[in-house]
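# Inside the fold
If you want the building blocks of each chain, they are given just below.
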Amino acid sequence: QGNYRVDGLDEGTHELSVTCHGMATATRSIPVSADSPASIEVNWQLDAGFSLAGSVRRKNGEPLAGAMVLLHAVPPPDGTASNTDPFLATMGSSCRADTAGEFQCGGLRAGWYQAYAGSPSGASSSSNPVRVDAETKAWVELVIPDSGDVRVRIADGARLGENFSSGVFAHGAERIPIPATPHGDQFVFEDLALGRYRIAIGRAKIEPGPSAVDVELTGDD
């Protein structure tokens, strides 16, 4: 029904913030004192807010259709104070690029944002901080760096279990292992960022052997 209730507020001034995907975040200051009524009613009317548009392309200029784009609120580049700072963690938006690789993420408050796009396998790009407000028609270009695919076939037709740690993973410079996607009798890493990896069965790093191999993706692959 769109109703909400917050109980047990101490006396003082509280910042109440409402967020909804695709709509602008709204914030109000709610004073609570001994003289306040037992129940304080606060009604909201959210608007569509501002939007940030741009494009996602590979290094060769090919549009990256369907790329997920994430926007995160960031402090102003000059370090000046912003009234949005307390809510940076909850401010942002997400959207997908169309067939031409272009996107438009809405539901933003006025402020500074950074755009991010990447593949599930680690090739990613982010923008410089950009200002979004009523006067600014911001546009960002995200260029995904060179990447490569790795295809893995399990020898002897071995079957992997279905628990959380089973499967084929790429262990690179990042601490979090990257899972491969099963495709028929293969496991595939698509758009894996260039670099050195240990491809292994399971999430934990293990020594090279029957279930692990070291590979390196370079710009010449």
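What you see is a predicted model; the values in this text were computed from it and never measured.

### Here's the deal with the overall build of the chain
What the chain contains, in helices and strands, is zero helices and 17 strands. By residue count, 33% of the 221 residues in the chain fall in the buried class. Roughly 13,900 Å² of accessible area belongs to the chain as shown, and the carbon and sulfur atoms make up 49% of that amount.

### Observations regarding the sheet that holds strand 3 (residues 50-58)
Pairing within the open sheet is mixed, and its three strands lie in the order 6-3-10. Because the sheet does not close on itself, it has two edges, and the strands there are strand 6 (102-108) and strand 10 (139-144). In this sheet, adjacent strand axes meet at a mean angle of 25° when their direction is disregarded. Note: strand 3 against strand 6, five bridges, orientation antiparallel. Across the sheet, the residue bridging to serine 55 is glutamate 102, located in strand 6.

### Looking at the pattern of salt bridges
Applying the stated criterion across every chain yields a total of seven salt bridges. For the salt bridge of glutamate 62 with arginine 58, the shortest nitrogen-to-oxygen distance reads 3.9 Å. Residue classification places glutamate 62 among the partly exposed residues on the basis of a relative accessible area of 40%. Residues aspartate 214 and arginine 198 are paired through a salt bridge, measuring 2.8 Å at the closest nitrogen-oxygen approach. Note that aspartate 214 is positioned in strand 17 (residues 212-217) and arginine 198 in strand 16 (residues 195-201), a separation of 16 residues in sequence. A residue is classified by how much of its surface remains accessible, and aspartate 214, at 35% relative accessible area, is partly exposed. Arginine 198 gets classed as buried once you look at its relative accessible area, which sits at 18%.

### A look at a nonpolar patch on the surface
A cluster of nonpolar residues, Tyr4, Val6 and Leu9, forms a patch on the protein surface that exposes about 280 Å² of accessible area. Mapping tyrosine 4 onto the fold places it in the segment before strand 1 (12-20).

### Topic: the nonpolar core
Leu52, Val56, Val69, Phe103, Val152, Val168 and Phe189 are the most contacted members of the largest nonpolar core, which totals 36 residues. When residues of this core are assigned to their parent elements, the largest contribution, four residues, is made by strand 15 (residues 186-193). Excluding residues within four positions of it along the chain, phenylalanine 189 makes contact with Ser121, Gly148, Asp149, Val150, Val152, Val168, Phe169, Ala170, Ile178, Pro179, Ala180 and Ile199.

### A word on the state of the cysteines
All chains considered together, the criterion is met by one disulfide. Here cysteine 95 engages in a disulfide with cysteine 105; their sulfurs sit 1.9 Å apart. Judged by the sign of its S-S torsion, about -75°, the cystine formed by cysteine 95 and cysteine 105 is left-handed. Of this pair, cysteine 95 sits in strand 5 (residues 92-96) while cysteine 105 sits in strand 6, and the two are 10 residues apart along the sequence.

### Some thoughts on the sheet that holds strand 11 (residues 147-152)
Spatial ordering of the open sheet is given by 11-15-14, a layout of three strands whose pairing is antiparallel. Lying at the two open borders of the sheet, with one neighbouring strand each, are strand 11 and strand 14 (181-183). Averaged over neighbouring strand pairs, the angle between their axes works out to 30° when direction is ignored.

### Looking at the packing of aromatic side chains
Taken as a whole and assessed by the stated rule, the structure comprises zero aromatic pairs. The positively charged end of arginine 28 is found above the aromatic ring belonging to tryptophan 44, 4.7 Å away from the centroid.

### Points about the side chain of glutamine 186
As for its placement among the helices and strands, glutamine 186 is situated in strand 15. Not counting residues within four places of it along the chain, the set of residues in contact with glutamine 186 comprises Arg151, Val152, Arg153 and Thr181.

What counts and what doesn't
- Residues numbered from 1 in each chain as written.
- Predicted model: local features only at pLDDT ≥ 70, side-chain atom pairs only at ≥ 80, totals over all residues.
- Heavy atoms only, no water.
- Helix = DSSP H or I, 4+ residues; strand = E, 2+ residues; numbered from the N terminus.
- Buried < 20%, exposed > 50% of the residue type's maximum accessible area, 1.4 Å probe, protein only.
- Areas by Shrake-Rupley, 256 points an atom, 1.4 Å probe, with all protein chains shown as cover.
- Pairing = 2+ DSSP bridges.
- Axes fitted to C-alpha atoms, helices over the stretch in contact; angles between N-to-C directions.
- Salt bridge = Lys/Arg side-chain N within 4 Å of Asp/Glu carboxyl O.
- Patch = residues over 30% accessible without salt bridge, like charges linked within 9 Å, V, L, I, M, F, W, Y side chains within 5 Å.
- Core = buried A, V, L, I, M, F, W, Y, C linked by side-chain atoms within 4.5 Å.
- Contact = heavy atoms within 4.5 Å.
- Disulfide = S-S within 2.5 Å.
- Phe/Tyr/Trp six-rings, centres within 6.5 Å; stacked < 30°, edge-to-face > 60°.
- Lys NZ or Arg CZ within 6 Å of the ring centre and 35° of its normal.

Keep in mind these numbers describe shape, not what the thing actually does.
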